[in-house]
Amino acid sequence: MSRQRHFPRFTREEHGLAGDDRLESPTFLRNAPPIIATLSAYLRDRTGPVLEIGAGTGQHAAAFALAFPSIDWIASDPLATHRDSIEAWAKALLDAPRAPIALDAAGDWSRLPEVAALGPLTGIYAGNVTHIAPWAVTEGVLTGAAAALAPSGRLFLYGPFREGDEFFGDGNRRFDQALRADDPHWGLRDIDALRLAARARHLRLETVHPMPANNHLLVFRRSSS
Ligand SMILES: C[S@@+](CC[C@H](N)C(=O)[O-])C[C@H]1O[C@@H](n2cnc3c(N)ncnc32)[C@H](O)[C@@H]1O
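Keep in mind it's a predicted model, so treat the numbers as computed, not measured.

(A) A look at the overall build of the protein. When its secondary structure is counted, the protein shows 8 helices and 9 strands. Here the C-alpha atoms of the protein give a radius of gyration of 16 Å, agreeing with the 17 Å that 2.2 N^0.38 yields for 225 residues. Dimensions of the protein, computed from the C-alpha atoms along their principal axes, are close to 45 × 45 × 30 Å. Each of the 225 residues in the protein was classed as buried or not, and the buried ones make up 41%. If you take every contact in the protein between residues at least 6 apart in sequence, the share linking residues at least 24 apart comes to 69%.

This is the structure we're talking about:
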């Protein structure tokens, strides 16, 4: 039935490693080093929990946990196959693997017992999630972040974004069109719309980092801090 060409999920058939639950993202090796370099300015000297939303294969989560050893990196994803992969990568690479959390960002996720048990969060990271999920998911990320972040905590959104009707490159414009053809509720998010939606939740868009391949890393923090 499905005519979708862009999938918000990784499958064993297409992305599986033989013999275990690990899945491989085709963009992980390209994306992870510059993301780590940029996050480093915010997380290198920090402690406490960082919750990753929509962690997918879990390769980024394992790499981030290795890059920021003083941080307690906890990955989450709504899909069981993704959580199996997150767990398998963590077991393969980390001394103290953390079990991933089943988390749908469109819901009231900050009240999940597993999230509440973490205490105030040093950070929340969502990479390549906002464009391939309905806007309600982005709103859910922001609402939950406003509730779950520590006063000095930050929310990091990574991926392709747009500025109003302007795209960062023709590739992103075509990507947006293709996403919307797959699902009219998907599409690259406008940075200004994100700024406003965050402000309504007392979060401030602090910095917009240009990243390779016309991606960006957006950093939000509480307005009052
Ligand atoms: C394109 S993948 C990105 C995975 C990973 N963060 C990365 O950068 O490789 C999109 C991810 O968003 C997750 N996702 C989709 N809808 C979601 C929702 N409502 N709440 C949380 N995560 C969601 C999917 O399960 C998937 O893991």
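Okay, back to it.
(B) Examining the site of the ligand more closely. Neighbouring residues of the ligand: 22 residues in total, closest Gly-54, Gly-56, Ala-105, Gly-127 and Asn-128. Along the lines of polarity and charge, the residues of the shell around the ligand split into 12 nonpolar, 7 polar and 3 charged.

(C) Looking closely at the pairing of strand S3 (residues 121-127). Most of S3 sits out of view: 7 of its 7 residues are buried. Relative to S3, strand S1 (residues 48-53) runs parallel, the two sharing 4 bridges. Across the sheet, residue Val-50 finds its bridge partner in S3, namely Gly-123. As paired strands, S3 and strand S4 (residues 149-159) are joined by 6 bridges and run parallel to one another. Looking at S4, one finds that Leu-121 is bridged to Leu-149. Where the polypeptide runs from S3 across helix H6 (residues 135-148) and back to S4, its parallel neighbour, the crossover connection is right-handed.

(D) Examining the sheet that holds strand S6 (residues 166-167) more closely. Pairing within the open sheet is mixed, and its 3 strands lie in the order S6-S5-S7. Edge positions in the sheet fall to S6 and strand S7 (189-190), since each has one partner strand and no second. Examined bridge by bridge, strand S5 (residues 161-163) and S6 share 2 bridges and lie antiparallel to one another. Within the sheet, the bridge partner assigned to Glu-163 lies in S6 and is Glu-166.

(E) View of the packing of helix H2 (residues 28-43) against helix H3 (residues 59-67). Running from amino to carboxyl end, H2 crosses H3 at an angle of 35°, the nearest separation of the two axes being 11 Å. Of the two possible hands of crossing, H2 and H3 adopt the one that is right-handed. Judged by residue contacts, Phe-28, Ala-32 and Ile-36 of H2 engage Gln-59, His-60, Ala-63, Phe-64 and Ala-67 from H3. Its residues placed into classes, the contact of H2 with H3 shows 6 nonpolar, 2 polar and no charged.

(F) Looking closely at the environment of Pro-97. Counting through the fold element by element, Pro-97 comes out in the loop between helix H4 (80-93) and helix H5 (113-116). Separated by 55 residues in the primary sequence, Pro-97 and Tyr-42 have C-alpha atoms spaced 23 Å apart. Not counting chain neighbours up to four residues away, the residues in contact with Pro-97 comprise Glu-87, Ala-90 and Lys-91.

(G) Structural view of the sheet that holds S3. In space, the 6 strands of this open sheet follow the order S2-S1-S3-S4-S9-S8, with mixed pairing throughout. In this open sheet, the two strands that pair with only one neighbour each are strand S2 (71-75) and strand S8 (203-211). Pairwise comparison of adjacent strand axes, ignoring direction, gives a mean angle of 20° for this sheet.

Parameters at a glance
Residues numbered from 1 in each chain as written. Predicted model: local features only at pLDDT ≥ 70, side-chain atom pairs only at ≥ 80, totals over all residues. Helix = DSSP H or I, 4+ residues; strand = E, 2+ residues; numbered from the N terminus. Rg over C-alpha atoms; globule rule 2.2 N^0.38 Å. Buried ≥ 20, exposed ≤ 12 C-beta atoms within 10 Å, placed from the backbone. Contact = placed C-beta atoms within 7 Å. Near = placed C-beta within 6 Å. Nonpolar A, V, L, I, M, F, W, Y, C, P; charged D, E, K, R; others polar. Pairing = 2+ DSSP bridges. Right-handed = clockwise from strand over helix to strand, strands pointing away. Axes fitted to C-alpha atoms, helices over the stretch in contact; angles between N-to-C directions. Left-handed = near helix turned anticlockwise from the far one by under 90°.

So yeah, pure geometry; function would need other evidence.
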